[in-house]
Amino acid sequence: MPELPEVRTVANELNKILPGLRIINGENFMPKLIWRNKENDFFDKVLDQKIISVQNYGKYLIFNLENFKMISHLRMEGKWSVSSKDKYVYNEKHLRIEFELSNNEWLRYYDSRKFGTLEVWDNKSYLKESGISNLGPEPLNNNPSFEYLKKAAIKKNVKVKPFLLDQKVVCGIGNIYVNEILFAAKVAPDRITKTLGDKEIKNIIKFSNLILTKAIELKGSSIHSYKSGENVEGQFQNELKVHLRENKPCFECKKPIIKTQIGGRGTYFCTECQK
Ligand SMILES: [Zn+2]
């Protein structure tokens, strides 16, 4: 599943092409893609709108239009591309919605698993009404403060891994990066949040920033067939210290990396380095 670095990479790639272009036509091939907006209402809003920019908030991709926000969640396998009318960057069978643009190119969304969502809100209501309305602070956009995270850790009192994966606590961290962040912060994934020391909380914030920033520089991780766009292959998978390294020696202490399940998610960590 694309996480914050991969979605930021998609936004960066689309920002090279889309700003200034107008959406002149569109067709949806997957009714349930349009979330909380009736399909006709959706097209009434986005048609004729100029695209100002594309950004991300956590795992959400936001197309800033003149009067609206078009908000996409890629879920498992969603992919955006821009190409000419007859050129399909991904498998045409997985095409779910397409928009004709004012430069005669087509903005297309593909989704083999059909879990993705798309919603449109006006510039005033999106923060209250859309899927992003109840998300926590995002490490790279409005970094969670130490005081905020400490208070949440005491209040929630759960294992630290599901705590950091809870998008209402912090948004944008997913399974790959939480494994890496906890290794860097030397915190075991099953530690109960109220036992975390101040230094450990500060390290979690610090390494969330460092690791997500580095992953964006490397255009995300290309695993599970994820590609952010045409000819863009992420390279962060080469930087992984624990994720997918079961039984391989820890880079710090040489003990084998352990794989377990926490909250139903594959969890990789070093029992020596992470306490
Ligand atoms: Zn170790």
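Residues numbered from 1 in each chain as written. Predicted model: local features only at pLDDT ≥ 70, side-chain atom pairs only at ≥ 80, totals over all residues. Heavy atoms only, no water.

**Things to note about the packing of aromatic side chains**
In this structure the tally under the stated criterion is eight aromatic pairs. Aromatic side chains Trp80 and Phe99 sit 6.4 Å apart centroid to centroid with 20° between the ring planes, which places their arrangement in the stacked category. With Trp80 in strand S5 (residues 79-84) and Phe99 in strand S6 (residues 95-101), the pair connects residues that are 19 residues apart, well separated along the chain. Every member of this aromatic cluster is reached through a ring pair, and the members are Phe42, Phe43, Phe63, Trp80, Phe99 and Tyr109. Over the aromatic face of Phe146 sits the side chain of Lys202, whose NZ or CZ is 4.9 Å from the ring centroid. Over the aromatic face of Phe251 sits the side chain of Arg245, whose NZ or CZ is 3.9 Å from the ring centroid. (Phe/Tyr/Trp six-rings, centres within 6.5 Å; stacked < 30°, edge-to-face > 60°. Helix = DSSP H or I, 4+ residues; strand = E, 2+ residues; numbered from the N terminus. Lys NZ or Arg CZ within 6 Å of the ring centre and 35° of its normal.)

**Quick notes on the UniProt feature "domain: FPG-type" (unreviewed entry) in the protein**
With numbering aligned to this structure, UniProt lists the feature "domain: FPG-type" (unreviewed entry) at residues 241-275. Structurally, residues 241-275 is divided into 0% helix and 29% strand, and its ends, taken at the C-alpha atoms, are 16 Å apart. (UniProt positions renumbered as here; feature names shortened; annotations may be inferred.)

**Thoughts on a nonpolar patch on the surface**
Among the surface-exposed residues, Met1, Met76 and Phe115 lie close enough to one another that they form a single nonpolar patch of about 260 Å² accessible area. Summarising the element assignment, Met76 is placed in the loop between strand S4 (68-73) and S5. (Patch = residues over 30% accessible without salt bridge, like charges linked within 9 Å, V, L, I, M, F, W, Y side chains within 5 Å. Areas by Shrake-Rupley, 256 points an atom, 1.4 Å probe, with all protein chains shown as cover. Salt bridge = Lys/Arg side-chain N within 4 Å of Asp/Glu carboxyl O.)

**Describing helix H6 (residues 175-184)**
The buried count for H6 comes to nine of 10 residues, which makes it a mostly enclosed element. Asn175, Ile176, Tyr177, Val178, Asn179, Glu180, Ile181, Leu182 and Phe183 are the residues of H6 that are buried. Among the structural elements, helix H1 (4-15), helix H5 (160-165), helix H7 (198-217) and strand S10 (265-269) are those in contact with the buried residues of H6. Directly after H6, the chain includes Lys186, whose backbone phi takes a positive value near 60°. (Buried < 20%, exposed > 50% of the residue type's maximum accessible area, 1.4 Å probe, protein only. Contact = heavy atoms within 4.5 Å.)

**Regarding the sheet that holds S4**
With antiparallel pairing, four strands are arranged side by side in an open sheet as S2-S3-S4-S8. Each edge of the sheet is formed by a strand with only one pairing partner; in this case those strands are strand S2 (51-57) and strand S8 (117-122). Averaged over all adjacent pairs, the angle separating strand axes in this sheet is 20°, with direction ignored. Judged from the five bridges that link them, strand S3 (residues 60-65) and S4 form a sheet pairing that is antiparallel. Looking at the pairing, Asn64 lines up with Lys69 of S4. Across the sheet, H1 lies against S2 and S3, angled at about 170° from S2, the strand it touches most. Its contacts with the sheet place helix H2 (residues 39-46) against S3, S4 and S8, and it is angled at close to 60° to S8. (Pairing = 2+ DSSP bridges. Axes fitted to C-alpha atoms, helices over the stretch in contact; angles between N-to-C directions.)

**Overview of the pattern of salt bridges**
When charged atoms on two side chains of opposite charge get close, those side chains can pair. Using the criterion set out here, one finds 11 salt bridges in the structure. For the salt bridge of Arg108 with Glu98, the shortest nitrogen-to-oxygen distance reads 2.8 Å. On the criterion of sequence distance, the pair formed by Arg108 in strand S7 (residues 105-110) and Glu98 in strand S6 is long-range, its members being 10 residues apart. Glu98 shares its class with Arg108; the two are buried. For Glu239, the salt bridge identified is with Lys214, shortest N-O distance 4.0 Å. On the criterion of sequence distance, the pair formed by Glu239 in the loop between H7 and strand S9 (258-262) and Lys214 in helix H7 is long-range, its members being 25 residues apart. In this structure Lys214 comes out as partly exposed when scored by relative accessible area, which is 35%.

**Brief notes about the UniProt feature "domain: Formamidopyrimidine-DNA glycosylase catalytic" (unreviewed entry) in the protein**
The positions UniProt marks with the feature "domain: Formamidopyrimidine-DNA glycosylase catalytic" (unreviewed entry) are residues 2-116. The distance separating the terminal C-alpha atoms of residues 2-116 is 11 Å; by composition the span is 17% helix and 38% strand.

**Re the domain arrangement of the protein**
Each assigned domain of the protein is listed here: domain 1 (4-129) and domain 2 (146-269). Of note, the centres of domain 1 and domain 2, computed from C-alpha atoms alone, are 28 Å apart. (Domains from an automatic or database assignment.)

**Some words on the pairing of S2**
In the sheet, S2 pairs with S3 via six bridges, with the strands oriented antiparallel. Among the inter-strand pairings, Asn56 is bridged to a residue of S3, identified as Leu61. Adjacent in sequence and paired antiparallel, S2 and S3 are bridged by two residues, among which Gly58 carries a positive phi angle near 60°.

**Points about H1**
Over its 12 residues, H1 runs 16 Å from end to end, which matches the ideal 16 Å to within 8%, given 1.5 Å per residue. Counted residue by residue, H1 has nine buried out of 12 residues, so it is predominantly covered. Taken together, the buried positions of H1 are Leu4, Pro5, Glu6, Val7, Thr9, Val10, Ala11, Glu13 and Leu14. Contact partners of the buried residues in H1: S2, S3, S5, S7, H6 and H7. (Expected span 1.5 Å × (residues − 1).)

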